[in-house]
Amino acid sequence: MHIMENFLPLQWCFFWYLLTIPVVVYGIIQIKDITEKNPESKPLLAVSGAFIFILSSIRLPSITVPGSTSHPTGIGLGAVFFGPTVTCVLASIVLVFQALLLAHGGITTLGANIFSMGIIGPFTAWLTYKTIIKTGLSSSIAIFFAAFTGDIFTYITTAFQLAFAFPIPNFNTALFKFIGIYAITQIPISIAEAILFVIIFEHILKLRPDILRLLKVIGPRKVKEII
Amino acid sequence: MGRTIDDYAYSNGLKNTNSLFKVLFALLTMLICVISTSPIIPFIIIFFIMFLIIFKAKIPYKFYLKFLSVPLFFGILTFLFMTLFFGMMEPWFKINLINIIIYKDGFNLGILVFTRILGGFSCLGFLALTTPMTEIFSLLERFKIPLIILEIAMIMYRYIFVFLEETTNMYQSQKTRLGYQSIKGSFQSLGILAGNLFIRTWIRGEQIYISMESRCYNGSIKSFKTQNSISTKNIVLLISFEFLIIIGTYLTANYKIL
Amino acid sequence: MKVIETKDITYEYPDGTKALETVNFIAEKGEIVALLGPNGAGKSTLFLHFNGIIRPTWGTVVIDGKTVNYNKKELMKIRQKVGIVFQNPDDQLFAPTVIEDVAFGPMNMGLSKDEVEQRVKEALYRVDMDGFEKKPPHHLSGGEKKRVAIAGILAMKPKIMVLDEPTSGLDPKGASQILKLLYQLNNEGMTIVISTHDVDLVPIYASKVYIINQGKIIKHGTPSEVFEDVKTIRDANLRLPRIAHLMEILEKKDKLPFNKPYPLTIGSARKRILEEFKEIK
Amino acid sequence: MKVIETKDITYEYPDGTKALETVNFIAEKGEIVALLGPNGAGKSTLFLHFNGIIRPTWGTVVIDGKTVNYNKKELMKIRQKVGIVFQNPDDQLFAPTVIEDVAFGPMNMGLSKDEVEQRVKEALYRVDMDGFEKKPPHHLSGGEKKRVAIAGILAMKPKIMVLDEPTSGLDPKGASQILKLLYQLNNEGMTIVISTHDVDLVPIYASKVYIINQGKIIKHGTPSEVFEDVKTIRDANLRLPRIAHLMEILEKKDKLPFNKPYPLTIGSARKRILEEFKEIK
Ligand SMILES: Nc1ncnc2c1ncn2[C@@H]1O[C@H](COP(=O)(O)OP(=O)(O)OP(=O)(O)O)[C@@H](O)[C@H]1O
Ligand SMILES: Nc1ncnc2c1ncn2[C@@H]1O[C@H](COP(=O)(O)OP(=O)(O)OP(=O)(O)O)[C@@H](O)[C@H]1O
Ligand SMILES: [Mg+2]
Ligand SMILES: [Mg+2]
């Protein structure tokens, strides 16, 4: 859920920038490390970023809630595939491109958007995925809930960000109002997106399990089962 | 989708204007919009930029108006939302029928946020429509963005368009075979499309590496760019413009419509 | 009977590229029509009009005697009538196995499971790919992929099959297998429209040729009518078929009596040369 | 002088596919060598051996008289000597602008900025793409992309240029532009290796032809030597050039005196036909 250019007051723009920069910098250091050890990962990361961009600009079929500018973030899937830190950096670049190529989101609100979509979203998605996998449930179920919680937490974060910026009459009431609106529009979207991600995941699993294995998404036993 | 904005960026009337100048202009003006406490200056900026885009950059006005329709819609929604829910100080009038009180402060905030969004969006639009992405890469490099980010961003930019085309082809061939007919079918088709796209991106990534290696790639993409600097005339122009609107912001700081 | 007809269609892409300009194209029932043009001429864009994937900016498209009406239900019917095989088989084979891929269209038509199975089997048999049902498409060769892509359309039993550069990227054997298949399908009554820039193959198969350049149809007629106008052909970044080129040189430079219309295929060149030899003797 | 030589190389992909089997391939300095083979024959795999991207499972590769030693430094040198232009320009053009892409190779070679600039300019001029420096590749046509890809290799001034299907997907004009360029480069001393399955173009340009099928070199020699062995050619899913095919039919079916070696190009066919006509008279 992109917050539009200039929607937030200046101090909040700064605040979110300050909060995201350390995380992004940490991600950059990680990526630098990865690409120095495996130079071939550089183009792979870049094309994966392009994939996230495309996936984020595809509209979900049929359930377009009037007034909502939402569509799959693609970032949940990225988080499961590449881990949250790498995804955070890729998502940040994607958000810049979305601002400059599609006029989605913005530059002043970039910090806030990275925080919700590039940090909170991927981390929740990834944590959910790992937790569910540990309990021994199937990876498709894990993907479903990872995508769903990733989305929901992104929206909740956005609601918080808006309520901080416009605490009228007070923070709690404003938060309640924003979450109320999001609950109606975004829960169905999140479910739809989660279903879509399961289909995507299962498709990749059927066609090229070796890629998922390489990314350490699925264990060797699962690969044997498929082959 | 995306393609058109990018196309205009390479072929507009201001494409040869120094890109640092355009970026500074867009960003500073955007910041002034965001700090403005009255709707006057953002309002002026919206029209000033509209003038620049239609008459200087020669972007067809039809396209620009369509481009503005999204934030306009969103802005009006926000305006209504704030007017209806965010007021409390001075009741302005009351709609008895649905029992809603409109407050003056809510209305004022609504208008302010509305003009700020549209002003900011205009600045973003100016940047997006007049400055090619490739120019922005050179600027980012000059500002010492970590190289690895720039490298990934450059390759990503290039392949966004390659994949966009391939996605369109896949989508069209699915439609030919009656995909996307029902809701269930749409999910199935879209999931398969995205899954395939991912596999393709992966194969592409490996292929690009092979072709880069063939050209003596050794881990870092050394940049090759030519830089040009802003003319003094433009600097003066920029400073005086921004100065003018800052003063405007200061003078109109306490102005409220109601 | 006209099965595809475009009336003065013009198409502009959202970025303003005028890809087609007042194009009039007709395919009659039972014909093989070739659309010949250089890169970027607008061939693929025109094809996307034939089953309503793209809606013309101006002009109308008439399929099977009915003006296309761009609502969901009608489009569904039209896409069952007109099947398009896209240029790059990788763009249309998505499913994990050949059989699932070929079944994609029939399934979407809402046919019964038995019917789908029957059609898939038949389609794969037609393209000579039975036995490959369980293979994943990315393990197939270029020519095999192409044939599976054709099977995917065949299984929908369209009246008209439209193929965008069906032989590009294939080796000679693969290309001629595809063309033989198309020829057979045509013999059984299917109307076939092919786009290509391979001038050597066109005259062998087509009953009518359209030449498109920069979004405009600049010539149409039988192969020999079209290739008679050497200047137009060359101006459109195309060339004569090699056999015809040889004859042209023999006529113009060596003053041998091979005058226009030049033979376009090996078969007709053979006849002409034989005739000349006999006459001289 | 041999500039590329593979000695009994065999290559197996990690999944066990044997893509090459005891391949012996030689390119002499200043030649144009064509590697002709059907889809999946192993052409691209063989090419990747020429600059050390792939290391043979058995056998050795000798470049410019030196056995390739797979350490970083040597590989760097080899890649400056042997430039590969890949089949799909989208796999190769990765930079956001034409100029940055062409500069990529020279920059990696560690040349000075002036030198890089000079080379980029020259390379773009050679392929007739000057003026396109600032354009992003997604605004170029297929043929233009191909030429930029060639410029990217040219700018590295390799001794040997290896091109994987340089004309595939291009219209006749685009294809002949590329081939003319290669011919010129060859005249200036560059050794050129081309893979293709377009048998009609090969004989016009190549001084030596290798035929590869299922990972094995099954024939090599001058174009006329190779195409004399019609059976081998056809067994490898290839065919005779159309002109040669015409002559074959005239000889075998009509008993006209066009015996082997059949002329392969329009030029040589013209001569033969003229001779025969005169004799009869
Ligand atoms: N999505 C698009 N947006 C803008 N312009 C486009 C788009 N797709 C194609 N074009 C342009 O429209 C024109 C016609 O393109 P089209 O793909 O129909 O040509 P074609 O004859 O199929 O060429 P080829 O032989 O290369 O496949 C070209 O100038 C092309 O650049
Ligand atoms: N990465 C890979 N892993 C496994 N097998 C492969 C791989 N790449 C190619 N092959 C196989 O190796 C063989 C040779 O492939 P190659 O791409 O060299 O053929 P080619 O002659 O270039 O064909 P084309 O004309 O289609 O480009 C084929 O059977 C192919 O399926
Ligand atoms: Mg096309
Ligand atoms: Mg190949």
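Residues numbered from 1 in each chain as written. Chains lettered and ligands numbered in written order. Predicted model: local features only at pLDDT ≥ 70, side-chain atom pairs only at ≥ 80, totals over all residues. Heavy atoms only, no water.

### Section: the overall build of chain B
Here is step 1: Looking only at helices and strands, one finds 9 helices and 2 strands in chain B.
Here is step 2: Once the C-alpha set of chain B is aligned to its principal axes, its extents read approximately 70 × 60 × 35 Å.
Here is step 3: Within chain B, buried positions represent 60% of all 258 residues.
Here is step 4: The long-range share in chain B, meaning contacts at least 24 apart out of those at least 6 apart in sequence, stands at 72%.
Here is step 5: When the accessible surface of chain B is summed, it comes to about 11,200 Å², and 69% of that surface belongs to carbon and sulfur atoms. (Helix = DSSP H or I, 4+ residues; strand = E, 2+ residues; numbered from the N terminus. Buried < 20%, exposed > 50% of the residue type's maximum accessible area, 1.4 Å probe, protein only. Contact = heavy atoms within 4.5 Å. Areas by Shrake-Rupley, 256 points an atom, 1.4 Å probe, with all protein chains shown as cover.)

### A short note on the site of ligand 2
Residues and elements named next belong to chain D.
Here is step 1: Around ligand 2 there are 15 residues in total, and G40, G42, K43, S44 and T45 lie nearest to it.
Here is step 2: One of the side-chain nitrogen or oxygen atoms of Y13 is found 3.4 Å away from a nitrogen atom of ligand 2.
Here is step 3: Compared with its free state, where it exposes 640 Å², ligand 2 has 64% of that area covered by protein.
Here is step 4: No other element matches the 3 residues that helix α1 (residues 43-50) contributes to the shell around ligand 2.
Here is step 5: Looking at the shell around ligand 2 residue by residue, the class counts come to 4 nonpolar, 8 polar and 3 charged. (Near = heavy atom within 4 Å. Polar contact = N/O pair within 3.5 Å; in protein donor to acceptor, adjacent residues only side chain to side chain. Nonpolar A, V, L, I, M, F, W, Y, C, P; charged D, E, K, R; others polar.)

### Details of the sheet that holds strand β3 (residues 32-36) of chain C
Residue and element names in this part refer to chain C.
Here is step 1: The strand order β6-β7-β8-β3-β9-β10 describes an open sheet built from 6 strands, whose pairing is mixed. Unpaired on one side and paired on the other, β6 (82-85) and β10 (216-221) mark the two borders of the sheet. Within this sheet the neighbouring strands show an average axis-to-axis angle of 15 degrees, counted without direction. (Pairing = 2+ DSSP bridges. Axes fitted to C-alpha atoms, helices over the stretch in contact; angles between N-to-C directions.)

### Side note on the interface of chain A and chain B
Here is step 1: Chain A puts 67 residues into the contact, and the matching count from chain B is 74 residues.
Here is step 2: Three residues stand out in chain A for area buried against chain B, namely N6, K42 and L101 of chain A, and they jointly supply 11% of the buried area on that side.
Here is step 3: On inspection of chain A and its partner chain B, the count reaches 1 salt bridge.
Here is step 4: A salt bridge links E151 of chain B to K42 of chain A, with the shortest nitrogen-to-oxygen separation between them at 2.4 Å. (Buried area = accessible area lost by both parts, 1.4 Å probe. Salt bridge = Lys/Arg side-chain N within 4 Å of Asp/Glu carboxyl O.)

### A short note on the pairing of strand β4 (residues 58-63) of chain C
All names here are of chain C.
Here is step 1: Here strand β1 (residues 2-12) runs beside β4; their pairing, made up of 5 bridges, is antiparallel. Paired with K7 across the strands is T60, a residue of β4.
Here is step 2: Relative to strand β5 (residues 66-67), β4 runs antiparallel, the two sharing 2 bridges. In the strand pairing of β5, V62 is matched with T67.
Here is step 3: Here β4 folds back onto β5 in antiparallel fashion, the turn holding 2 residues, of which D64 has a positive phi close to 55 degrees.

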